[in-house]
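# Observations on the model geometry
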Amino acid sequence: MFLQPVPSDNFQLPPSMADTAPPIDKAYDFIFWFSVVFFVAVNAAMIYFVMKYKRRKGVRPEPTGHFMKLELFWTITPTIFIFFLFHAGFTGYIRNATAAEGATEIRVRAKKWSWEFEYPSGDRAPAELTLELNRPYKMIISSEDVLHSFYIPEFRMKRDAVPGQYSFIQFTPTVAGDAHVFCAEYCGTSHSGMLATVKILPPEQYKEWEKTLGKCTGTPEECKPEKWGETLFVKNGCPTCHGAGGTGDIAGSKSPGPKLVGLFGHQENTTAGPVTADENYIRESILRPNAKIVAGYQTVQMPPFVFKDDQLDAIIAYIKSLK
């Protein structure tokens, strides 16, 4: 299942892929060309008057006096323009905050430094949001730690993910293809790595994808526990805290989370005392990361994860293979 990138019809903006984008694009284009026309007009007038009234021998300057009509024009015209922009922006805000009747609800959870999506079936998927073409959606957004911001440029949609409360956006995808999710609020050292992909599928492909939700969809080789565990490790953003491959190293510096290479079978000094890193310890550390914090990492708050048993088994198998 591979979708080609969608070309943009606007040289300044990413492609428009949801019903929420065209009104915003029209407002943007109006402001841009309005600014271009006035920039050219103002500069042309300035050059004209500089040339016409430049200093000349024998000519004495005179006061310009008071011109009421001109003052009224440059006061009233921008005021009308500002009211027009406010109306366009407020109308778009209300429309994007009101979900269509029967919209499919998907929960979006932000945490340092990854996105997780929970579908109506209860299945959760990290770093990848899959949507059906022309189906209305309502995103229920929350944060498990600090302030984040859920931003999809192709939908022209952005909403803060605030700890302790829900925020909402709605949209209907109108173009099949791949879009992108960014965090638009600085949230810590790995903020730039807090990314996800949006896949918009035609209805028939979406139905096929639903059957594979929560399962390994690769080749038999890719679905071996260690390999699948590595895929889940990366998709859940674990390298942002533990380093690529669990090396405990990020760009030559100590990673925020403890090193995982060589962990299995060794003693770990934790806040609950020495612990042998076996399957139960790793499972508990994934599901209840604050139960036994590794010494020296007390100031690091790892968010809890929710996995099915076969997914947990795969991740544990991968960590066991790191030597």
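Bear in mind the structure is a predicted one, so any value in this text is a computation, not a measurement.

So, on to the state of the cysteines. This structure, assessed with the given rule, holds one disulfide. Linked covalently through their sulfurs, cysteine 216 and cysteine 223 form a disulfide whose S-S length is 2.2 Å. Taking the sign of the torsion about the S-S bond as the criterion, the disulfide between cysteine 216 and cysteine 223, at about -90 degrees, is left-handed. Judged by relative accessible area, which is 25%, cysteine 216 ranks as partly exposed. Given the relative accessible area of 26%, cysteine 223 is considered partly exposed. Cysteine 187 provides the cysteine sulfur closest to cysteine 183, a residue in no disulfide bond, and the two sulfurs are 3.9 Å apart.

It is at 7 Å that the axes of helix 4 (residues 225-235) and helix 7 (residues 309-321) come closest, and there the two elements cross at 100 degrees. Compared by their axis directions, helix 4 and helix 7 come out roughly perpendicular. In this structure, helix 4 contributes Pro225, Glu226, Trp228, Gly229, Glu230, Leu232 and Phe233 to the contact, and helix 7 contributes Asp310, Gln311, Ala314, Ile315, Ala317, Tyr318 and Ser321. Residue classes in the contact of helix 4 with helix 7 are distributed as eight nonpolar, three polar and three charged.

Okay, the layout of surface pockets next. The gaps left among the atoms become clear once a water-sized probe is rolled over them. If you add up the space inside the largest pocket, you get close to 610 Å³. Around the largest pocket, the lining is made up of 22 residues, and of these Glu128, Trp209, Lys215, Thr217 and Lys235 lie nearest the centre. For the lining of the largest pocket, the elements supplying multiple residues, two or more each, are strand 3 (124-126), strand 4 (128-132), strand 10 (196-201) and helix 4. In terms of residue count, the dominant contributor to the lining of the largest pocket is helix 4 (four residues). The volume enclosed by the second largest pocket comes to roughly 360 Å³.

A separate point is helix 2 (residues 68-97). Helix length check: helix 2 (30 residues) gives 44 Å between terminal C-alpha atoms against 44 Å at 1.5 Å per residue, within 8%. Among the residues of helix 2, those classed as buried are Phe81, Gly92 and Asn96. As for helix 2, its buried residues are in contact with helix 1 (21-52), strand 7 (157-161) and strand 8 (167-171).

Enumeration over the complete set of coordinates arrives at 17 aromatic pairs. Seen in terms of ring centroids, phenylalanine 34 and phenylalanine 81 are 4.2 Å apart; in terms of plane orientation they differ by 10 degrees. Their pairing is stacked. Taken together, the positions of phenylalanine 34 in helix 1 and phenylalanine 81 in helix 2 put the pair 47 residues apart, joining distant regions of the chain. The class of phenylalanine 34 is partly exposed, set by a relative accessible area of 26%. Between tryptophan 115 and phenylalanine 150, the ring centres sit 5.3 Å apart and the planes meet at 70 degrees, which makes this aromatic pair edge-to-face. Of the two residues, tryptophan 115 is situated in strand 2 (residues 114-118) and phenylalanine 150 in strand 6 (residues 148-152); the sequence distance between them amounts to 35 residues. The burial state of tryptophan 115 is the same as that of phenylalanine 150; both residues are buried.

As a further point, take unusual backbone geometry. Of note, the amide linkage connecting lysine 112 to tryptophan 113 takes the cis form, showing an omega dihedral of -10 degrees. Look at alanine 127: it is not a glycine, yet its phi comes out positive at around 65 degrees. Structurally, alanine 127 is set in the loop between strand 3 and strand 4. One non-glycine residue, arginine 156, lies in positive phi territory at about 60 degrees.

This next bit is on a nonpolar patch on the surface. A contiguous nonpolar surface patch, about 400 Å² in accessible area, is contributed by Met46, Ile47, Val50 and Met51. Position of isoleucine 47 relative to the elements: it lies in helix 1.

Procedures and definitions
Counting starts from 1 at the beginning of each chain's written sequence and moves along it residue by residue. Given that the model is predicted, a residue must reach a pLDDT of at least 70 before its local features are reported, and side-chain atom pairs must reach 80 or more before they are shown or counted; all residues, however, enter totals for whole chains, interfaces and linings. As a convention, hydrogens and water are excluded, and side-chain values are obtained from all of the structure's heavy atoms. Any two cysteine sulfur atoms within 2.5 Å of one another count as a disulfide. Only protein chains enter the accessibility calculation, which uses a 1.4 Å probe; a residue whose area is less than 20% of its type maximum is buried, one above 50% is exposed, and one in between is partly exposed. Angles shown run from 0 to 180 degrees and are taken between the N-to-C directions of axes, each axis being a line fitted to C-alpha atoms and, for helices, limited to the stretch in contact. The secondary structure listing takes helices from DSSP runs of H or I that are at least 4 residues long and strands from runs of E that are at least 2 residues long, numbered from the N terminus. Note that the term roughly parallel is reserved for angles under 35 degrees, roughly antiparallel for angles over 145, roughly perpendicular for angles of 65 to 115, and oblique for everything else. Should any heavy atoms of two residues lie within 4.5 Å, those residues are counted as being in contact. In this classification, Asp, Glu, Lys and Arg are treated as charged, Ala, Val, Leu, Ile, Met, Phe, Trp, Tyr, Cys and Pro as nonpolar, and every other residue, Gly included, as polar. Residues are called lining when one of their atoms sits within 4 Å of a cavity or pocket point, these points coming from a 1 Å grid over the protein atoms alone, where a cavity is a set in which a 1.4 Å probe fits but cannot get out and a pocket is an open set with protein on both sides within 12 Å along at least five of seven lines. Grid points are joined across faces, edges and corners, and a volume is the space filled by probe spheres set on the points. For a helix, the expected span equals 1.5 Å multiplied by the number of residues minus one. Two rings from Phe, Tyr or Trp (for Trp, the six-membered ring) form a pair when their centres sit within 6.5 Å of each other. Planes less than 30 degrees apart are called stacked, planes more than 60 degrees apart edge-to-face, and all others tilted. A residue counts toward a patch only above 30% relative accessible area and without a salt bridge, and it is joined to like-charged neighbours within 9 Å or, for Val, Leu, Ile, Met, Phe, Trp and Tyr, to nonpolar neighbours within 5 Å. Only the protein chains shown count as covering a residue, and every accessible area follows the Shrake-Rupley method with a 1.4 Å probe. Any Lys or Arg side-chain nitrogen located within 4 Å of an Asp or Glu carboxyl oxygen qualifies as a salt bridge.

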